[in-house]
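Listed here are the chains, written in short residue letters.
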Amino acid sequence: PELLPGILLTHGATGIVGSKETGKSLISLEIQHSLLTGESLWGSIKPNMQVNKTVHFLAEHASRLLMGLYHRTKLSTTGRLRIYGPEQLGVMKLLVSNGIRREEAVNFYKKLAEGAGLVVFDPLAAFIQGQSAENDNSPMRNLVDTMVEIATSANAACLILAHQGKPLIFQGRTVKRGSYATRGASATEDAMSAVHYLDKLSG
């Protein structure tokens, strides 16, 4: 089942993966606006259902920056999009630390997610800490599974934004990966139900 045809699954984790400043957060805001209002995404993709509330967990930068981006796009104000940035998450921000799931933090996130139809985690790597954690399959799978659990506790869809790995350079040319392009451990993508790669096109 899909909340947005071809874009967002109702269950499991949907990933949007891109390099810095390709528009991952912007697209997530547009998706949330579409689900909250019932308006077609980009004027062409009609949501299969509306939701009463969305929750966006922002683990780096500040919530004011994301709200500024939302208002700059001139998307209509709904009052039902909740953004929790590092300043609100505080010491609870990390879901996995040194390979261990932080149960107190997980319960904190579940309370904030109550009543949501979509939960967004932005960006993936900022919710985990530990030596080489991002490149370790076990803690990264644990992290994605935990995010899905948080969303499922609210009966919500789960959208995870993640950074792409560094491009491969072969004979002086950049080679783009067709799969497993998410930065770090390959289990990250294995734990997600669907993954979209986001690229900038010149012009």
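For the structure itself, consult the block above.
A.B. asks: Sorry, what's going on with the pairing of strand β5 (residues 81–84) here?
C.D. replies: Working note: regular strand, side chains alternate between the two faces of the sheet. As paired elements, strand β4 (residues 54–58) and β5 share 4 bridges and run parallel to each other. Bridge pairing in β5 links Val55 to Arg82. Viewed along the sheet, the connection from β4 through helix α2 (residues 63–72) into β5 turns out right-handed.

A.B. asks: Sorry if this is basic, but what is going on with the sheet that holds strand β8 (residues 118–122) here?
C.D. replies: The pairing of strands in a sheet happens through backbone hydrogen bonds and is either parallel or antiparallel. In spatial order, the strands read β5-β4-β8-β10-β3-β13; together these 6 strands make up an open sheet with parallel pairing. Strands with a single pairing partner mark the edges of an open sheet, and in this sheet they are β5 and β13 (194–198). Each adjacent strand pair in this sheet contributes to an overall mean axis angle of 15 degrees, direction not counted. In the packing of helix α4 (residues 103–113) onto the sheet, contacts are made with β4, β5 and β8, and the angle to β4 comes to roughly 145 degrees. Running over the sheet, helix α5 (residues 137–153) touches β3 (13–18), β8 and β10 (157–163) and is turned about 145 degrees from β10.

A.B. asks: Would you mind showing me how to read the packing of helix α1 (residues 24–37) against α2 here?
C.D. replies: The geometry of a pair of packed helices is captured by two quantities: the angle between their axes and the separation between those axes. Where α1 meets α2, the closest approach of the two axes is 10 Å, and the angle between their N-to-C directions is 65 degrees. In the crossing of α1 with α2, the sense of the turn from one axis to the other is right-handed. Counted together, Ser25, Leu26, Leu29 and His33 of α1 and Leu66, Leu69 and Tyr70 of α2 form the full contact between these two elements. For the contact of α1 with α2, the residue count by class is 5 nonpolar, 2 polar and no charged.

A.B. asks: Is there a simple way to think about the nonpolar core in this case?
C.D. replies: If you look at soluble globular proteins, the nonpolar side chains tend to sit buried side by side. Judged by nonpolar contacts, the single largest core of 36 residues is most densely connected at Phe57 and Phe121. For this core, the elements supplying multiple residues, two or more each, are β3, β4, α4, β8, α5 and β10. Looking at this core element by element, the count peaks at 7 residues for α5. Filtering out sequence-adjacent residues up to four positions away, Phe57 remains in contact with Tyr84, Leu89, Tyr109, Leu112, Ala113, Val119, Val120, Phe121, Asp122 and Phe127.

A.B. asks: I'm lost on α5 in this one. Help?
C.D. replies: An α-helical turn contains 3.6 residues, so any two residues separated by three or four positions project in the same direction. Helix length check: α5 (17 residues) gives 24 Å between terminal C-alpha atoms against 24 Å at 1.5 Å per residue, within 8%. Among all positions in α5, only Pro139, Met140, Leu143, Val144, Thr146, Met147, Val148, Ile150 and Ala151 are buried. Its side-chain oxygen at 3.4 Å from the backbone nitrogen of Ser138, Asp136 defines the N-terminal cap of α5. Backbone geometry just after α5 places Asn155 at a positive phi near 60 degrees.

A.B. asks: Could you clarify how one ought to interpret the pattern of salt bridges in this entry?
C.D. replies: Pairing between side chains of opposite charge can happen when the charged atoms of each approach one another. Here the structure, examined in full by the defined rule, presents 3 salt bridges. Between Glu103 and Arg101 there is a salt bridge, with its nearest N and O atoms 2.8 Å apart. Taking relative accessible area as the criterion, Glu103 reaches 40% and is therefore assigned partly exposed. For the salt bridge of Lys110 with Glu149, the shortest nitrogen-to-oxygen distance reads 2.8 Å.

The rules behind the values
Along each chain, numbering runs from 1 in the same order as the chain's sequence is written. Whole-chain, interface and lining totals are the exception, using all residues; otherwise, since this is a predicted model, local features are given only for residues with pLDDT of at least 70 and side-chain atom pairs are given and counted only at 80 or more. Side-chain measures here rest on the full set of heavy atoms in the structure, leaving out hydrogens and waters. Strand pairing is assigned whenever DSSP detects at least two bridges linking the two strands. Elements are defined by DSSP. Helices are runs of H or I of four residues or more, strands are runs of E of two residues or more, and each kind is numbered from the N terminus. Whether a crossover is right-handed depends on one test, that the path from the first strand over the helix to the second runs clockwise when the strands point away from the viewer. Orientation is described by lines fitted to C-alpha atoms, with helices fitted over the stretch in contact, and by angles between N-to-C directions that extend from 0 to 180 degrees. When checking whether two residues touch, look at their non-hydrogen atoms; a contact exists if any pair is within 4.5 Å. The handedness criterion is simple: a crossing whose near helix is rotated anticlockwise from the far helix by less than a right angle is left-handed, and one whose near helix is rotated clockwise is right-handed. Residues were grouped as follows: Ala, Val, Leu, Ile, Met, Phe, Trp, Tyr, Cys and Pro as nonpolar; Asp, Glu, Lys and Arg as charged; and all remaining residues, including Gly, as polar. In these notes, a set of buried Ala, Val, Leu, Ile, Met, Phe, Trp, Tyr and Cys residues joined through side-chain atoms within 4.5 Å is what counts as a nonpolar core. Only protein chains enter the accessibility calculation, which uses a 1.4 Å probe; a residue whose area is less than 20% of its type maximum is buried, one above 50% is exposed, and one in between is partly exposed. A helix is expected to span 1.5 Å for every residue after the first. Pairs of N or O atoms within 3.5 Å make up the polar contacts considered here, provided that, within protein, one atom can donate a hydrogen while the other can accept it, and that residues adjacent in sequence are counted only when both atoms are side-chain atoms. We define a salt bridge as a side-chain nitrogen of Lys or Arg found within 4 Å of a carboxyl oxygen belonging to Asp or Glu.

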